[in-house]
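Secondary and tertiary structure notes
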Amino acid sequence: MSERVRAGVVGVGNMGRHHARVYSELPGVELVGVADADPDRAAEVAAEFDTTARDRDALLARADAVSVAVPTRFHEAVARAAIDAGTDILVEKPFVTDPEVGRDILADAREADCLVGVGHVERYNPAVVALRDVMVEADPIAFAARRQGPPVDRDSVDSVVFDLMIHDIDVICSLTDEPVTDVAAAGAADGGHVVAQLQFADGRVASLTASRVTQERVRDLAVTAEDCHVEVDYIDQSVEIHRHSLPEYVAADGDVRYRHESVIERPTVETGEPLKNELSSFADAVRERTEPETTGEDGIRAVELAERIEAAIARDADVTPAEVSSP
């Protein structure tokens, strides 16, 4: 392959449009076209980023790699068409609706020598990159993630678990190789607010909250370890490490008060756009013929765990108050 990667985007709605923008800005990448079920939208995005609107098959034949940013239910069809054309793919999250379909896609891709990446963009958030450096010397005990905000004015048929919580599922799974042994979850607001509890095989635990009905936008992750507590803010792209906590009671003006002090470290985080980091990494993998940083297997693991969380929500909803009351 030449040093210049010919990239395209299939599906240029809300997210796909940003893929087109980033490809048009990346050095060493040429945006050779976009495709969409709505020809007018494809033409509009193509004009905005100085490329060509093409039908899907023509784009797959011309591009070395494409982002698949169509609605989730169409991921399989586009991925298979790309593999048939010998085109590498980055599939937006969630990878597939059925893990078995995902495994079949990966088997076909290996046979065709096509790369498959999955668009779990928070992996490329500079704050998460910095967190991984911290975790090299820390032994996590527990994770707590919140991804909350008010209702959005975009259409999404994916549930709050598959649309929002799956980001944190992937990030936490990237921080531990241990399998999840137990899942508990409950939902409120007709599924618009979900809380899940995970237990890992090594005893670690995770709490995840995702919401489309919270009147404050929150994107954060806390990691409790043996000797520190780490707080990550995805929005601010910041990391705080709390160490050497010193709780004590002190006397002041005749009153006894509680005081809590700790040493707070704020490592330098090189801020930047996570999507640009993600697509740059994918383009490098395409150019160098190496495995994408976020693999199809990673995407399947996240989908399987999201399915278990939704099954736990369904089980919780089936339990009546009489069944959980004390004898």
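The following paragraphs examine the structure supplied in this document. Predicted model only: the values in this text are computed from it and were never measured. (Residues numbered from 1 in each chain as written. Predicted model: local features only at pLDDT ≥ 70, side-chain atom pairs only at ≥ 80, totals over all residues. Heavy atoms only, no water.)

Thoughts on the overall build of the protein
This is how the line gets drawn: Under the DSSP-based scheme used, a helix requires at least four consecutive residues in state H or I and a strand at least two consecutive residues in state E, with every element numbered from the N terminus. Throughout this description, buried means an accessible area under 20% of the type-specific maximum (1.4 Å probe, protein chains only), exposed means over 50%, and partly exposed covers the range between. The contact definition used throughout considers only heavy atoms, calling two residues in contact when any of these lie within 4.5 Å. For accessible areas, the Shrake-Rupley method is used with a probe of radius 1.4 Å. Any residue's cover is judged against the shown protein chains and nothing else.
Helix and strand content of the protein: 10 helices and 13 strands. Here the protein holds 327 residues, and the buried ones make up 48% of them. A separation of at least 24 residues holds for 66% of the contacts in the protein among residues at least 6 apart in sequence. Taken as a whole, the protein presents about 16100 Å² of accessible surface, with 47% of it coming from carbon and sulfur.

Description of the sheet that holds strand S3 (residues 65-68)
Put simply, the rule reads: Strand pairing follows a simple DSSP-based rule, namely that at least 2 bridges must link the two strands. Whenever a helix is involved, its axis is fitted only over the stretch in contact; in every case the axis is a line through C-alpha atoms, and angles between N-to-C directions fall within 0 to 180 degrees.
The sheet built from 5 strands is open, its strands ordered S2-S1-S3-S4-S5 with parallel pairing. Strands with a single pairing partner mark the edges of an open sheet, and in this sheet they are strand S2 (29-35) and strand S5 (116-119). Here the average twist between neighbouring strands, direction ignored, is 20 degrees. As judged from the 6 bridges shared by strand S1 (residues 5-10) and S2, these two strands associate in the parallel manner. Residue pairing for S2: Arg6 is matched across the bridge by Glu30. Of the strands in this sheet, S1, S2, S3 and strand S4 (88-92) touch helix H1 (residues 14-25), which is tilted by about 165 degrees from S1. Packed on one face of the sheet, helix H4 (residues 75-84) meets S1, S3 and S4 and runs near 170 degrees to S4.

Concerning the pairing of strand S11 (residues 229-233)
Each regular strand displays side chains that alternate between the two surfaces of the sheet. Every second residue of S11 is oriented toward a common face, the buried set being Val230 and Val232 and the non-buried set His229, Glu231 and Asp233. Pairing analysis gives 5 bridges linking strand S10 (residues 218-225) to S11, with the strands arranged antiparallel. Looking at S11, one finds that Ala222 is bridged to Glu231. Here S10 folds back onto S11, and the loop between the two strands holds 3 residues.

Observations concerning the environment of Glu293
This is how it is decided: Distance and chemistry together define a polar contact, namely a pair of N or O atoms within 3.5 Å, with one atom able to donate a hydrogen and the other to accept it when in protein, and with adjacent residues in sequence counting only for side-chain atoms on both sides.
Relative to the helices and strands, Glu293 is located in the loop between helix H8 (274-288) and helix H9 (296-318). When the C-alpha atoms of Glu293 and Gly117 are compared, they prove to be 7.4 Å apart, with 176 residues separating the residues in sequence. Beyond its immediate chain neighbours, meaning those up to four positions away, Glu293 contacts Arg123, Tyr124, Arg132, Ser281 and Asp298. Looking at Glu293, its side chain comes within polar contact range of the side chain of Ser281, at 3.4 Å.

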